[in-house]
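Residue strings, one per chain:
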Amino acid sequence: MSRSLFLRSLKAWEAYNRTRIERAIDIGGERAVIALRVVPFLIHNNINGFPGYVSFDSSRWGIYKYHPGKGDEVAIQAHFPNVEIPDADSIGRIDNPFVDSLLLMGSIGTVGHTKKSDYDYWVVIGSNGMTQEEHDALLKKTEAIQQWLDKQGVEAHFFLNDINKTQENNFGEADKESAGSSQGKALKEEFYRTVIKAAGKDPTWWLLPAGLSDEEYRMRIEDMLDEGYVDENNLVDLGNCGPVPLDELFGALLWQFNKAMDSPYKSVLKMALLESYLMAGERGEPLCDMLKRSIHNNPDKTGEADPYLLMVEFSRQQYTKLRRRSDFDSIEKSFFFKCFDEPVRGLQDDESFHYKERTLRACVRRWKWSVELLREMNNHPKWDLQKLNKQATALHSFMIDAYKRLTDRIAQLPDSKPLITETDLTVLGRKLFTLYSKKAGKIEYMKRIMDESKHIEAVSFAINPEKGKAPSWVVYRDNITSQIAKKQFVGDLAINSGPDPVALMLWLVQNEIYAKNTFLYFVPNKTPLSLKDFQKLMAQIFTVFSVVPLKDLNQKDLVAKVHVKKAMVVVNFLEERWKDDVETLHVIYQNSWGELYCHKLGSVDGFSKLAEVLTNTNPDFSITDTNIFGVFVPEGANHGKLTQKVTTFISQKFSPLVAPPVKTG
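Residues numbered from 1 in each chain as written. Predicted model: local features only at pLDDT ≥ 70, side-chain atom pairs only at ≥ 80, totals over all residues. Heavy atoms only, no water.

Caption draft 1: Main features of the overall build of the protein. Looking only at helices and strands, one finds 23 helices and 14 strands in the protein. Here the C-alpha atoms of the protein give a radius of gyration of 29 Å, agreeing with the 26 Å that 2.2 N^0.38 yields for 665 residues. Based on the C-alpha atoms only, the size of the protein along its principal axes is roughly 95 × 70 × 60 Å. Burial statistics for the protein: of 665 residues in total, 54% are counted as buried. At a minimum sequence separation of 6, the contacts of the protein that also span at least 24 residues come to 72%. For the protein, the computed accessible surface area is about 30600 Å², with 49% contributed by carbon and sulfur atoms. (Helix = DSSP H or I, 4+ residues; strand = E, 2+ residues; numbered from the N terminus. Rg over C-alpha atoms; globule rule 2.2 N^0.38 Å. Buried < 20%, exposed > 50% of the residue type's maximum accessible area, 1.4 Å probe, protein only. Contact = heavy atoms within 4.5 Å. Areas by Shrake-Rupley, 256 points an atom, 1.4 Å probe, with all protein chains shown as cover.)

The structure is reproduced here in structure tokens:
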């Protein structure tokens, strides 16, 4: 290989990296400035008074050959105007620094970058060796910087990646949605495809030709170093990538379901890519190689290279062979959701628009979207819950269908053995079971498009009586009491309905629609219930059943036998207040697999169910802890009597469950 070809590849990578950084700052604004210009300075230095300072004395703090440019100095001074900043020339002079390279992976600097995008840093270490104390100090430093970034409105995640382990595709927790045992070349492919260098050494992989086998990769490195035109000290070798093994696909697609519990649109894109790889077969070229070849061959056109655009177009090309319009629809809409920051104002081409606007306009023209569809998609932040849930259900259906197709095809492959441990398989399987399975009394999880909170400012409860049928309760968004009084139509504001208002309350809390600051309204009716009943019960439900997102469930709980973690009993909620005996019980409980149940039962069956629930708790469960157990009786003349009957039953039957009083002093 000639000198000019090696250097040309290096220059092409440098130009592409600059383009990504410029694009990131253009899209991300001040958040991106902090992430790309200030964070490297904080990682490099350990100065008392700056974020990330740790009391660990070492001459090796720093990033290899870090030298802030003029733009970096301006950004640093702007954020720390009252702190003396070291001279730029002295900053970079550190022998054998801890950090070889500070790299970012993900959507930053692509059409998929939004103002809400988070920043995933790979802090590459290991070439100079580190003691455990040094490693711990650097980890503590990144954690402190992450906390500071959070206060600046920048969501960031730092992963300390050892060079040797990364070369072997052993990433540990190298991704915030860590794919555990299923990660490998799939993560490395995504890394090389989306990487930006913030500071330090350049990835060796980006200087070598695309499509190399592991043996060819090593030979090319030797050729490059033998020629001596590139300084090996300026490079960090994180290993070759190569095609994603088909054995990885099963575990990788399962982990996409884990993320899909909050943000299905992102998982649709990644699952479509996984299936596209399967369609292309083992000889299919990884997208990172396609991107690198394009940049090496067109160094003057790095502004046209976009890894996110490449991903969606590659998937659409593969799905064209299947001729399923609904799949196109899910992929295209998911990509639009991922990229959306502000409305795309039209379909025509106009060079005066910024990069994202031009790119998305080109996409919707290529996809043959109508003006009406574009208008509807632009308005999706204002969609009501029913429309959001309908679209999310369609995306989940795509993923389930893709999962079935992938598992069927993988099972047919000779000698296929999914690269995922039994533990990871169990954890994921139980999360999926919690999300999708339907059981008597189980409160269903609402499918979402976005991972942002969907708290509603106000909700209203009303009863919808039907002749010859049991009355149905309806929960509406907003305060609709005046519209109901005027007999106006409010059906478009309904978000859920059912025969039991207690189950509806639980559904609102579990799906994070109701928050502590949500106003609750009640349309008076002929039942014994009042607004105060709803407000007090909702407050207690909110206290006992705090929300834990499915993706954050405790792994130890998921691999162990299921048990009850929280419980509550509601007495005579729907009964006339003059009744002095227990007529009905709502027995509510949440188990260690994240499932929430509500059973409305008569007195005999209700006490029996309560006994069953409490005997399925762990020994540390205490009925005196109001954060995990509660008894609710509506206000009325017999409130005390009903409360005494239930608490007496519990204390007589389950006194061993009552934790001893905590000694103080």
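Caption draft 2: Local environment of the environment of Leu550. Residue position: Leu550 is located in the loop between helix 20 (531–544) and helix 21 (555–559). Sequence-distant contacts of Leu550, defined by excluding residues within four places in its chain, comprise Met261, Lys431, Thr434, Leu435 and Tyr445.

Caption draft 3: How the structure looks around helix 5 (residues 132–151). For helix 5, with 20 residues, the first-to-last C-alpha span of 29 Å sits near the 28 Å given by 1.5 Å per residue. By the burial criterion, the buried members of helix 5 are Glu134, Ala137, Leu138, Lys141, Thr142, Ile145, Trp148 and Leu149. Considered in projection along helix 5, the buried side chains sweep an arc of 135 degrees and stay on one side of the axis. Set apart from the buried face of helix 5 by more than 90 degrees, the exposed residues are Gln132, Glu133, Lys140, Gln147, Asp150 and Lys151. Where helix 5 is buried, its residues contact helix 2 (30–44), strand 1 (99–105), strand 2 (119–125) and strand 3 (156–162). The first or second residue beyond helix 5 is Gly153, which carries a positive phi of 80 degrees. (Expected span 1.5 Å × (residues − 1). Arc of directions from axis to C-beta.)

Caption draft 4: Up close: empty space enclosed by the protein. If you walk through the whole model with that rule in mind, you get six cavities of 30 Å³ or more. Here the second largest cavity is characterised by a volume of approximately 60 Å³. Residue composition of the lining of the second largest cavity, grouped by class: four nonpolar, four polar and four charged. (1 Å grid on protein atoms, 1.4 Å probe; cavity = no way out; pocket = protein on both sides within 12 Å on 5 of 7 lines; lining within 4 Å. Points joined across faces, edges and corners; volume = space filled by probe spheres on them. Nonpolar A, V, L, I, M, F, W, Y, C, P; charged D, E, K, R; others polar.)

Caption draft 5: Molecular detail of the sheet that holds strand 13 (residues 596–602). Read across the open sheet, the four strands follow the order 13-12-11-14; overall the sheet is mixed. Both edges of this open sheet fall to strand 13 and strand 14 (629–632), since each of them pairs with a single strand only. Neighbour-to-neighbour, the strand axes of this sheet turn through a mean angle of 15 degrees, independent of strand direction. Here strand 11 (residues 564–571) pairs with strand 12 (residues 584–591) via seven bridges, running antiparallel. In the sheet register, Lys566 faces strand 12, and the bridge partner there is Gln590. The strands touched by helix 20 within the sheet are strand 11 and strand 14, with strand 14 carrying the most contacts at an inclination of about 170 degrees. (Pairing = 2+ DSSP bridges. Axes fitted to C-alpha atoms, helices over the stretch in contact; angles between N-to-C directions.)

Caption draft 6: Focus on helix 3 (residues 70–79). Among all positions of helix 3, only Asp72, Ala75 and Ile76 are buried. All buried residues of helix 3 fall inside an arc of 100 degrees around its axis, so they share one side. Summarising the geometry of helix 3, the exposed residues directed more than 90 degrees from the buried face are Lys70, Val74 and Ala78. Packed against the buried residues of helix 3 are helix 2.

Caption draft 7: Structural view of the packing of helix 2 against helix 3. Interaxial distance between helix 2 and helix 3 falls to 9 Å at its minimum, and their mutual angle equals 100 degrees. By the criterion of interaxial angle, the relationship of helix 2 to helix 3 is roughly perpendicular. Only Gly71, Asp72, Ala75, Ile76 and His79 of helix 3 make contact with helix 2, whose side of the interface consists of Glu30, Val33, Ile34, Arg37, Val38 and Phe41. Looking at the contact of helix 2 with helix 3 residue by residue, the classes come out as six nonpolar, two polar and three charged. (Parallel < 35°, antiparallel > 145°, perpendicular 65-115°, else oblique.)

Caption draft 8: Examining the nonpolar core more closely. Membership of the largest hydrophobic core comes to 99 residues, with the highest contact counts inside it found for Phe335, Phe461, Leu506, Leu508, Leu537, Met568 and Ile588. The element contributing the most residues to this core is helix 10 (residues 264–280), with 10 residues. Setting aside anything within four residues of it in sequence, one finds Leu537 in contact with Val502, Met505, Met568, Val570, Phe573 and Phe632. Val33, Leu36, Ile108 and Ala156 belong to the second-largest nonpolar core, a separate cluster that totals 42 residues. (Core = buried A, V, L, I, M, F, W, Y, C linked by side-chain atoms within 4.5 Å.)

Caption draft 9: Highlighting the packing of aromatic side chains. The tally for this structure, following the rule as stated, stands at 31 aromatic pairs. Measuring from centroid to centroid gives 6.1 Å for Tyr514 and Phe542, while their planes differ by 70 degrees, and the two rings are edge-to-face. Of the two residues, Tyr514 is situated in the loop between helix 19 (501–510) and strand 10 (519–522) and Phe542 in helix 20; the sequence distance between them amounts to 28 residues. On the basis of relative accessibility, which here comes to 23%, the residue Phe542 falls in the partly exposed class. On the basis of an interplanar angle of 50 degrees and a centroid distance of 4.5 Å, the ring pair of Phe607 and Phe649 is categorised as tilted. (Phe/Tyr/Trp six-rings, centres within 6.5 Å; stacked < 30°, edge-to-face > 60°.)

Caption draft 10: Here's a closer look at the sheet that holds strand 7 (residues 458–464). Taken in spatial order, the four strands make up an open sheet running 9-8-7-10, and their pairing is mixed. Each having just a single partner strand, strand 9 (494–498) and strand 10 make up the two edges of the open sheet. Shown here is a sheet whose adjacent strand axes are inclined to one another by a mean of 20 degrees, direction ignored. As paired strands, strand 7 and strand 10 are joined by four bridges and run parallel to one another.

Caption draft 11: Representation of the pattern of salt bridges within the structure. Counting across every chain of the model gives 28 salt bridges. Between Arg293 and Glu285 there is a salt bridge, with its nearest N and O atoms 2.1 Å apart. For Arg345, the salt bridge goes to Glu357, with nearest N and O atoms at 3.7 Å. Note that Arg345 is positioned in the loop between helix 13 (325–339) and helix 14 (355–366) and Glu357 in helix 14, a separation of 12 residues in sequence. Arg345 gets classed as exposed once you look at its relative accessible area, which sits at 55%. (Salt bridge = Lys/Arg side-chain N within 4 Å of Asp/Glu carboxyl O.)

Caption draft 12: Main features of the pairing of strand 2. For strand 2, a buried count of seven out of seven residues is recorded, marking the element as mostly surrounded by other parts of the structure. Neither face of strand 2 is left uncovered, since the one carrying Tyr119, Tyr121, Val123 and Ile125 and the one carrying Asp120, Trp122 and Val124 both have all their residues buried. One ladder, built from six bridges, connects strand 1 with strand 2; its direction is antiparallel. For Leu102, the partnering residue across the bridge sits in strand 2 and is Val123. As paired elements, strand 2 and strand 3 share seven bridges and run parallel to each other. When the sheet's bridge partners are listed, Trp122 is paired in strand 3 with Phe159. Read as a crossover between parallel neighbours, the route from strand 2 over helix 5 to strand 3 is right-handed. (Right-handed = clockwise from strand over helix to strand, strands pointing away.)

Caption draft 13: Structural context of unusual backbone geometry. Positive phi values are uncommon outside glycine, yet Lys65 reaches one of about 50 degrees. Mapped onto the elements, Lys65 comes out in the loop between helix 2 and helix 3. We classify Lys65 as exposed; its relative accessible area is 54%. With a phi close to 75 degrees, Asp478 is a non-glycine residue in the positive phi region. Here Asp478 lies in the loop between strand 8 (472–477) and helix 18 (481–485).

The values are spatial; any link to function lies outside them.
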